[in-house]
Amino acid sequence: MTSRKPIAAGNWKMNKSVTETGDFIGQLIEQVDSDQCEIIVAPTFVALDTAVAKSKNTYIQIAAQNCYFKESGAFTGEISPLFLQEMGVSHVILGHSERRTIFGETDSNIRAKMQLAMKHGLVPIFCIGETLEQREAGQVKEVLREQIQQGLQDIAISGENMIIAYEPVWAIGTGKVAGKEDAEQAHAFVRELIQNMYDEQVANEVRILYGGSAKPDNIGELMSMPNVDGGLIGGASLDIASFAKMIQVMQTTQK
Ligand code: PGA
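Residues numbered from 1 in each chain as written. Predicted model: local features only at pLDDT ≥ 70, side-chain atom pairs only at ≥ 80, totals over all residues. Heavy atoms only, no water.

**Student:** Would you explain the packing of helix α1 (residues 18-31) against helix α2 (residues 48-55) in this entry?
**Tutor:** The N-to-C vectors of α1 and α2 enclose an angle of 20°; their axes lie 9 Å apart at closest approach. In terms of orientation, α1 lies roughly parallel with respect to α2. For α1 against α2, the interelement crossing comes out right-handed. Of the residues in α2, those in contact with V18, T21, G22, I25, G26 and I29 of α1 are T50, A51, K54 and S55. (Axes fitted to C-alpha atoms, helices over the stretch in contact; angles between N-to-C directions. Helix = DSSP H or I, 4+ residues; strand = E, 2+ residues; numbered from the N terminus. Parallel < 35°, antiparallel > 145°, perpendicular 65-115°, else oblique. Left-handed = near helix turned anticlockwise from the far one by under 90°. Contact = heavy atoms within 4.5 Å.)

**Student:** Is there a simple way to think about the layout of surface pockets in this case?
**Tutor:** A probe as big as a water molecule, rolled over the atoms, marks out the empty space that is left. Estimates place the volume of the largest pocket at around 470 Å³. Taken together, 18 residues form the lining of the largest pocket, with F45, Q65, N66, R99 and F103 sitting closest to its centre. Top contributing element to the lining of the largest pocket by residue count: helix α4 (residues 97-102), with three residues. In this structure, the second largest pocket occupies an estimated 200 Å³ of space. Surrounding the second largest pocket, 16 residues form its lining, R100, G129, T131, Q134 and Q147 being those nearest its centre. Of all the secondary-structure elements, those providing two or more residues to the lining of the second largest pocket are α4, β5 (123-128) and α7 (140-152). Across the lining of the second largest pocket, the residue classes break down as four nonpolar, eight polar and four charged. (1 Å grid on protein atoms, 1.4 Å probe; cavity = no way out; pocket = protein on both sides within 12 Å on 5 of 7 lines; lining within 4 Å. Points joined across faces, edges and corners; volume = space filled by probe spheres on them. Nonpolar A, V, L, I, M, F, W, Y, C, P; charged D, E, K, R; others polar.)

**Student:** Sorry, what's going on with the pairing of β5 here?
**Tutor:** Both faces of the sheet carry side chains from a regular strand, because those side chains alternate between them. Among the six residues of β5, six are classified as buried, and the element is accordingly described as predominantly covered. Here β5 shows a buried face lined by V123, I125 and C127 and a second buried face lined by P124, F126 and I128. The pairing of strand β4 (residues 91-94) with β5 spans four bridges and is parallel. The partner of H91 across the bridge, within β5, is V123. Strand direction decides the pairing type here: β5 and strand β6 (residues 163-166), joined by four bridges, are parallel. Within the sheet, the bridge partner assigned to F126 lies in β6 and is I164. (Buried < 20%, exposed > 50% of the residue type's maximum accessible area, 1.4 Å probe, protein only. Pairing = 2+ DSSP bridges.)

The structure is reproduced here in C-alpha cells:
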C-alpha cells in the first residue's frame, strides 16, 4: 500500500507584505518541528525572494500563486516559471478559481502553464472544482472530468511532480466548508479519473488536497477521509496560530 505524505499549503492570495511574509515564516519555523507533513507557503510574487531566503534549510517550501506559459518575451507584467525556479521556488498554484473567473483563465491556458512549469522542475498545485450552480445542477462529476482531462492532457504526471487541489468554488472564502462525505466523494472520483488517464500507481500516489473554508475546527474530519491528503488553505493560513494548529492535525494523518 502506497503512503501519501500529507500537505498543508497556505495560499495567501494578495495578502501579507514582504515584511509580514518574512515575519510569518520566522514564526512558522519556530512552531514546526516535524517533517511528517509537507508545508508549502504561497506568498505574493514580490515576497517570494524573502520567503525562499527565510525558509532555506527548513521544512517549509515556497510556492508562487501563478506563472505564465512562455519562458520569456514581450509579455508585460507576466512571470516566467524559469525565473521562479531560479529563485528557489518549488511549487506553483495553477488553475485557482479566482484566476479562472476573475482573470479568464481557460483549461488550455492552465495546461500550457503546467507544461512549462513542470519543464522547469516546478510542482503544480492544480486547482479544480465546481460552482454552486454546477453542483445544484448535478454536474460535479462532469465539471471535474472536464477540468482534469483538459488540464492534464498529454502531461505525464507522478506522485512527485503534481499535486491536485479540489476546491469547490462555493466553499472558497465563504465559510461554507464541504461536508466530509461530499469532499471524499469528489476526491475519490478525481483519483478514479487519474487511474483511468494514467495507472493505479499514479492514482495511489498523487496527493489530492481539499480547499475551501478549511479551518482548525473542520480539518480533522476532512483529513479523516481516505482520499483527502491535505489542505490548500486560504484565510485560515494567514493567522499563525490557526495555520500551525492545522499543520499539527495534518501531521498525524499519513494515508
Ligand atoms: P479559503 O481559500 O480557505 O479562504 O476558503 C482557499 C483557497 O482559495 O485556496
